[in-house]
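# Structural description and commentary
In case you want the letters, here they are:
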Amino acid sequence: MFRTRGWRSCWGFMVGGAALTLQVVPTTAQAVSFNVDFGGGGVPDSSYGAAVGQPGHWNLVAGTNTALCDFNGFSTEITLTISGFQTINNTAGGGTDFGALMKSGAKRGFGTTNPWTVSIGSLASGLYRVTIYDQVQEAFSPGDFTVEGTSVGDFNGPSEATGFLNGQNYRSVDVNVTDGTLNLAQVSGASPPVGTSYGIAGLQITANPVPEPGTMALAGLALAAAARRHRTARRI
């Protein structure tokens, strides 16, 4: 295997009919952002940023264990493991990036009550924003889905949406990873509503996310108040 400085490529290279892989093996956990598409119905183009505007390589998850690549298509030590799903749905995306992301997914059908989990390992400790995409025509029940123990909420969007609707077919939550593993789970014992399945279409993981404008404004007010108290104390 040819080795060079950088990362192992997730893209294939052919040299003289033989596959060439570029690789080094990092030894520390990585604070990496990445995109994930569940299901084999095609993946979005790398220029597609989805709802949160985060373009880059899209990792295809079509089995229980997947080594993830960064935005540039280079391998990392980060792995994604899923368990408890009944099937990986391979519905074709209809020729659009939105369809490629949202039409296929990992599913657990009606009448099943076993818990399912998605675990992402070898992450550096720190703050991550996790954006979850609900498979078109599917739904989560309120309070059933959690990220690091934080409830994400209900997905109740229209069954044939053609665009992203915050709180309906996608949601984002900020969580703090302390042990190197990011865990997404559905509560045991919750069965999908009649006629539906629980389905997860994709994920976008953002390391060290920029605070929301409201959070930044509050932080600015707190700093200003602290400065005023400091000036007052000096005059006394």
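Above this text is the structure in question.
First, a word on scope: everything that follows refers to the structure included in this document. (Residues numbered from 1 in each chain as written. Predicted model: local features only at pLDDT ≥ 70, side-chain atom pairs only at ≥ 80, totals over all residues. Heavy atoms only, no water.)

Among the nonpolar cores identified, the biggest contains 32 residues, and I120, I132 and L203 are the most heavily contacted of them. Breaking this core down by element, the ones donating at least two residues are β3 (34–38), β6 (75–83), β9 (117–121), β10 (126–134), β11 (145–147), β13 (170–177), β14 (182–186) and β15 (198–207). Examining the composition of this core, we find that 4 residues originate from one element, β15, more than from any other. Counting residues in hydrophobic clusters, the runner-up holds 9 residues, among them W58, F98, Y133 and A201. (Core = buried A, V, L, I, M, F, W, Y, C linked by side-chain atoms within 4.5 Å. Buried < 20%, exposed > 50% of the residue type's maximum accessible area, 1.4 Å probe, protein only. Helix = DSSP H or I, 4+ residues; strand = E, 2+ residues; numbered from the N terminus.)

Moving on to the environment of V118. Secondary-structure assignment places V118 in strand β9. When the C-alpha positions of V118 and A185 are compared, they lie 6.3 Å apart, and in sequence the two are 67 residues distant. For V118, the residues in contact, after removing those within four places along its chain, are F38, L80, T81, I82, F85, L182, N183, L184 and L203. (Contact = heavy atoms within 4.5 Å.)

The next point concerns the pattern of salt bridges. Considering all chains together, one arrives at 1 salt bridge under this definition. Salt-bridge contacts for D174 lead to R129; the nearest nitrogen and oxygen are separated by 2.7 Å. With a gap of 45 residues between them, D174 in strand β13 and R129 in strand β10 connect regions that are remote in the sequence. A relative accessible area of 36% places D174 in the partly exposed class. (Salt bridge = Lys/Arg side-chain N within 4 Å of Asp/Glu carboxyl O.)

Positive phi values are uncommon outside glycine, yet S122 reaches one of about 70°. Relative to the assigned elements, S122 resides in the loop between β9 and β10. A positive phi angle is found at E148, which is not glycine, with a value near 50°. Among the structural elements, E148 can be located in the loop between β11 and β12 (150–151). Assessed through its relative accessible area of 28%, E148 is described here as partly exposed.

In terms of burial, β10 is largely enclosed, as 8 of its 9 residues are buried. Pairing of β10 with β13, which is carried by 8 bridges, proceeds in the antiparallel orientation. The residue bridging I132 from the neighbouring strand is R171, located in β13. (Pairing = 2+ DSSP bridges.)

Attention now goes to the packing of aromatic side chains. In total, this model carries 6 aromatic pairs according to the counting rule given. Look at Y48 and F164: their rings are 6.4 Å apart centre to centre, the planes differ by 35°, and that puts the pair in the tilted class. With a gap of 116 residues between them, Y48 in the loop between β3 and β4 (58–61) and F164 in the loop between β12 and β13 connect regions that are remote in the sequence. In this structure Y48 comes out as buried when scored by relative accessible area, which is 17%. A relative accessible area of 24% means that F164 is categorised as partly exposed. Three or more aromatic residues link up through ring pairs in this structure, and these residues are Y48, W58, F98, Y133, F164 and Y170. (Phe/Tyr/Trp six-rings, centres within 6.5 Å; stacked < 30°, edge-to-face > 60°.)

What follows deals with the side chain of S104. Mapped onto the elements, S104 comes out in the loop between α1 (97–102) and β8 (105–108). Residue S104 is classed as buried on the basis of its relative accessible area of 0%. Residue contacts for S104: discarding those within four places in its chain leaves D37, F38, G39, G40, G41, N89, N90, T91, G99, Q135 and A201.

Sheet architecture is open: 6 strands sit in the order β5-β6-β9-β14-β11-β12, paired in antiparallel fashion. Because the sheet does not close on itself, it has two edges, and the strands there are β5 (65–69) and β12. Pairing analysis gives 4 bridges linking β5 to β6, with the strands arranged antiparallel. In the sheet register, T66 faces β6, and the bridge partner there is L80.

Okay, the side chain of Q204 next. For Q204, the location among the structural elements is in strand β15. Polar contacts involving the side chain of Q204 include one to the main-chain carbonyl oxygen of G49, which spans 3.2 Å. A distance of 3.2 Å separates the side chain of Q204 from the backbone oxygen of Q54, its partner in a polar contact. The residues touching Q204, leaving out its near neighbours within four places in the chain, are F34, N35, G49, A50, A51, V52, Q54, W58, R129, V130, T131 and Y133. (Polar contact = N/O pair within 3.5 Å; in protein donor to acceptor, adjacent residues only side chain to side chain.)

The quantities given are spatial measurements derived from coordinates; they are silent on function.
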